[in-house]
Structures are given as C-alpha cells and as structure tokens.
Amino acid sequence: MSRTEERTQGRTPKAERRRPRTLVPVQERHDAPLAPLTTFRLGGPATRLVTAVTDAEVIDTVREADRAGTPLLIVGGGSNLLISDKGFEGTALRIATTGFDLQGTRLELAAGENWSDAVARTVEAGLAGIECMAGIPGSAGATPIQNVGAYGQEVSSTITEVVAYDRRTEEVVTVPNAECAFSYRHSRFKQHPERYVVLRVRFELEDAEGLSAPIKYAETARTLGVEPGDRVPVAEARRTVLALRAGKGMVLDADDHDTWSAGSFFTNPILDAAAHEAFLARVAERLGADVTPPAYPAGDGHVKTSAAWLIDRAGFTKGYGDGAARISTKHTLALTNRGAATTEDVLALAREVRDGVRDAFGVTLVNEPVTVGVSL
Ligand code: EPU
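Residues numbered from 1 in each chain as written. Predicted model: local features only at pLDDT ≥ 70, side-chain atom pairs only at ≥ 80, totals over all residues. Heavy atoms only, no water.

Taken together, 25 residues are adjacent to the ligand, and Tyr-151, Tyr-184, Tyr-217, His-331 and Glu-368 come closest. At 2.6 Å, a backbone N or O of Tyr-151 approaches an oxygen atom of the ligand. Here Glu-368 contributes a side-chain N or O atom positioned 2.7 Å from an oxygen atom of the ligand. In isolation the ligand offers 820 Å² of accessible surface; the protein chains occlude 81% of this area. The element that contributes the greatest number of residues to the shell around the ligand is helix 9 (residues 307–313), accounting for four residues. Split by domain, the residues of the shell around the ligand number at least three in each of domain 2 (102–247) and domain 3 (257–372). (Near = heavy atom within 4 Å. Polar contact = N/O pair within 3.5 Å; in protein donor to acceptor, adjacent residues only side chain to side chain. Areas by Shrake-Rupley, 256 points an atom, 1.4 Å probe, with all protein chains shown as cover. Helix = DSSP H or I, 4+ residues; strand = E, 2+ residues; numbered from the N terminus. Domains from an automatic or database assignment.)

Written as structure tokens, this is what we have:
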C-alpha cells in the first residue's frame with residue numbers, strides 16, 4: 001500500500017503525521033543584532049530573527065507573523081535600511097533564497113540572490129540590459145521595490161514580471177511589468193510596503209552579440225570614450241561602471257568607511273515647472289546668475305535636479321561632519337558610519353543636511369533608505 005493510500009484511509013502513522021512540512025527547520029535566533037545585516041552596520045536587536053532559504057519558508061514565516069499580529073521586518077541585502085538603535089520588536093525575516101536560472105535571454109532570480117553577482121553572471125553570458133547596474137549592493141528581490149537604477153539603466157526596463165506573496169489575500173501573485181507602476185525609485189511594491197513580499201524577479205535580457213545596451217549616462221559614455229547611444233563590449237561597460245562607482249565609494253568594501261552607508265541617502269528631487277523656476281531664482285540669488293544647477297527632463301514639464309549638487313552647494317561638502325557619522329569623502333549624497341556611529345548620529349546629520357538645503361534653496365530632500373522605528 002502506498003503512503004497516499006494509507007493517508008486517505010486515515011492510517012498514517014503518528015510519527016509521520018507529526019513530521020514538520022520542511023525537513024530543515026528555518027534558522028531562528030532571539031534578541032539578534034540587526035546591525036551586522038545592514039551596510040550601515042547600524043540598528044539594535046530584533047526580538048526574533050528568522051532566516052528563510054526557500055520560498056515556502058518565507059511564506060510560512062510571513063503568514064504566521066501576520067496571523068499572530070506580530071510586526072514583520074523583511075531584510076534583504078540590508079543596503080537600504082536605517083534601523084532604530086532600539087532595534088525591532090517583532091520578527092525580522094532575512095530572505096536567503098537562492099536561484100539563478102538563465103534560459104536564453106530569460107532570467108529568473110530568487111529574491112535572496114546577490115544582485116551584483118547576478119549581474120556579473122549575465123555579463124559573463126554576454127547578455128545586455130543590466131550591466132550598468134553592476135556593483136549595486138543588495139539582493140535581487142529588493143530591485144523592483146524601488147525600481148533600482150544607475151548609470152542610465154533601471155530594472156523596470158528589463159523586468160517582465162515579479163512573483164510576490166500578497167499578505168492581504170495570502171496568495172502568491174505574478175505581477176506583470178505593466179502592473180508594477182514603476183517610476184523613479186518607486187513602484188507598486190513601495191506604494192504598499194506592508195502588502196507584498198517579493199519572491200522571484202523575471203527579466204528579459206538582450207543578446208546583442210556581446211555588446212552592451214546603448215550607453216545612456218553621459219559620465220559613462222565620456223569615460224568609455226564613446227557617444228551616448230553607442231554600444232561597447234558588455235564586460236567593458238560593467239568594468240567602467242564598477243570603476244566609477246568605486247571612485248564614489250559606492251562599491252562595498254569593509255575596510256573603507258565611505259561605503260558603510262546606504263548608498264544615496266536622499267533621492268534626486270523632482271520639481272514641477274513653478275518649483276523649478278523658484279529654485280533657479282534662489283540659486284541665482286545665492287550663487288550668482290551664471291550658475292546652472294543640473295537639470296534632467298522628468299516628464300510632464302517636471303525637472304529632476306541633483307541632491308548631491310544641492311548638498312554640496314549648501315555647504316555640506318565631501319567629508320562634512322566631525323562626529324561618528326559624516327558625509328562620505330567621495331560623494332556628498334552618501335551619509336556614512338565612520339565605525340562608532342549610532343542611528344541617531346546618522347539621523348542628526350541627515351536632518352542637518354535636509355534643513356540646510358531647504359534653508360539655502362527651498363527644496364526639501366527626502367530620504368531614499370527605508371527607516372525602521374525612526375524617521376527623519
Ligand atoms: N555632485 C556633486 N557633488 C558630489 C557628487 C555629485 O555636486 O560629491 C553632482 C554633480 O553635478 C553630478 C551630479 O551631482 O553631476 C550627479 O551625481 P552622480 O552622477 O553621482 O549621480 P547621483 O544623481 O548623485 C544617482 C543615483 C545613484 C546612481 C547614480 C549613477 C539616486 C538617488 N542616486 O546618483 O544611485 O548610482 O545616479 O547613475 O538616484 C543609490 O540609489 O543608492 C545610488 C547610489
């Protein structure tokens with residue numbers, strides 16, 4: 001008699017019935033420090049920390065916490081998190097799922113895959129589409145949430161669909177690109193932060209016979225010695241971006257405190273026509289009529305300007321600060337932990353920068369990293 005038959009006849013041995021659904025129990029710790037899980041290396045302990053290595057473990061943990069009404073914190077690569085010094089009262093769930101599946105130009109990544117390693121592998125396979133996002137810290141599952149982008153590429157251009165657990169309906173849903181509501185550093189998933197847990201991300205890459213996608217970012221084109229719109233060998237595009245990022249302290253290096261950060265701490269402000277005009281008037285008044293701040297078209301008559309530029313011109317130059325939290329010595333947009341900083345130190349610096357920029361130029365910067373138990 002097969003086991004199924006045994007079960008249908010209600011004769012499953014007791015030991016068998018009691019066997020847990022997953023053979024390897026999820027890793028679980030209590031009063032676990034969260035700081036080592038973040039690139040800022042900041043944040044107090046979580047009441048409970050669960051590390052999930054399969055989608056089923058992720059779903060079970062989320063469902064259990066939701067049904068019990070326990071607060072839940074999802075931790076991916078920890079590169080975009082600023083967690084309270086008091087820590088997190090609830091369950092912190094570290095997504096450590098694995099899966100890199102490349103079939104032709106189709107790529108599926110498990111949420112827990114390291115993003116930068118995945119980029120390297122697609123470049124090794126000679127495929128184009130995500131090569132300029134090399135060196136971005138964090139996990140693959142985080143990329144659709146804030147539509148991660150750098151050097152002229154955004155994941156929204158290559159993502160075909162996102163598989164996620166919907167905490168409201170308790171179902172796994174497949175969200176096609178058109179329904180992800182992607183925009184600059186934003187998406188449907190960020191819009192409803194309590195609703196979706198990303199499980200898998202699917203991409204359609206391009207086989208351009210070993211060449212990159214057209215180079216869009218002026219700085220990258222300049223460094224490569226090509227015109228914007230040109231293609232270069234895909235590995236060369238990746239190498240160039242990695243070098244540019246490293247020069248700005250945007251490639252993780254445990255020995256370099258300029259990289260103990262969450263990358264860009266503020267998003268680039270998007271101004272409507274009236275706000276842009278008012279901003280230009282403030283710049284002229286403060287810095288002189290001949291000074292032109294960076295301006296990139298952002299659709300609907302809106303203009304995107306540079307947070308790094310604003311911070312710099314408001315007087316917060318590279319290396320600013322005399323405490324344990326300072327502005328990176330390589331890029332004004334990164335706030336950094338010099339080793340002994342607390343989350344409160346970073347917040348105090350962030351508020352000083354935000355208020356200083358607002359007083360100088362009338363523009364209020366908004367933080368890019370997700371804050372947990374604290375706010376700016
Ligand atoms: N600038 C300064 N001082 C600095 C650095 C930059 O004045 O110390 C000015 C310059 O005028 C420069 C301009 O800021 O031309 C833009 O700088 P950069 O090219 O480095 O880009 P960014 O706008 O500061 C954005 C993303 C980065 C991404 C780069 C490259 C945001 C918030 N940041 O930075 O993403 O790597 O473009 O594409 O959109 C991140 O999101 O964490 C991140 C690092």
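When pLDDT is low, close inspection of the predicted coordinates is not appropriate. The pLDDT averaged across the chain works out to 93; a share of 93% of its residues lies at or above 70. pLDDT under 50 marks residues 1–24. Its contacts with residues more than four places away, or in other chains, come to 13 contacts. (pLDDT = per-residue confidence, 0-100. Contact = heavy atoms within 4.5 Å.)

The next subject is unusual backbone geometry. Phi angles above zero are rare outside glycine, and Asn-147 is one such case at about 45 degrees. With respect to the secondary-structure elements, Asn-147 resides in the loop between helix 4 (115–124) and strand 8 (149–150).

The subject of this paragraph is the nonpolar core. Soluble globular proteins tend to bury their nonpolar side chains together. The biggest cluster of nonpolar side chains holds 38 residues, and the ones touching the most others in it are Leu-109, Trp-115 and Phe-203. For this core, the elements supplying multiple residues, two or more each, are strand 7 (106–110), helix 4, strand 10 (159–166), strand 12 (196–204), helix 6 (218–224) and helix 7 (234–247). With 32 residues, the next largest nonpolar core counts Leu-271, Phe-279, Val-357 and Phe-361 among its residues. (Core = buried A, V, L, I, M, F, W, Y, C linked by side-chain atoms within 4.5 Å. Buried < 20%, exposed > 50% of the residue type's maximum accessible area, 1.4 Å probe, protein only.)

Time to look at the sheet that holds strand 3 (residues 72–75). The strand order 1-2-5-3 describes an open sheet built from four strands, whose pairing is mixed. Edge strands, defined here as strands with exactly one partner in the open sheet, are strand 1 (27–33) and strand 3. In this sheet, neighbouring strand axes are inclined to one another by 25 degrees on average, regardless of whether the strands run parallel or antiparallel. Pairing of strand 2 (residues 45–52) with strand 5 (residues 88–95), which is carried by six bridges, proceeds in the parallel orientation. Among the inter-strand pairings, Arg-48 is bridged to a residue of strand 5, identified as Thr-91. (Pairing = 2+ DSSP bridges. Axes fitted to C-alpha atoms, helices over the stretch in contact; angles between N-to-C directions.)

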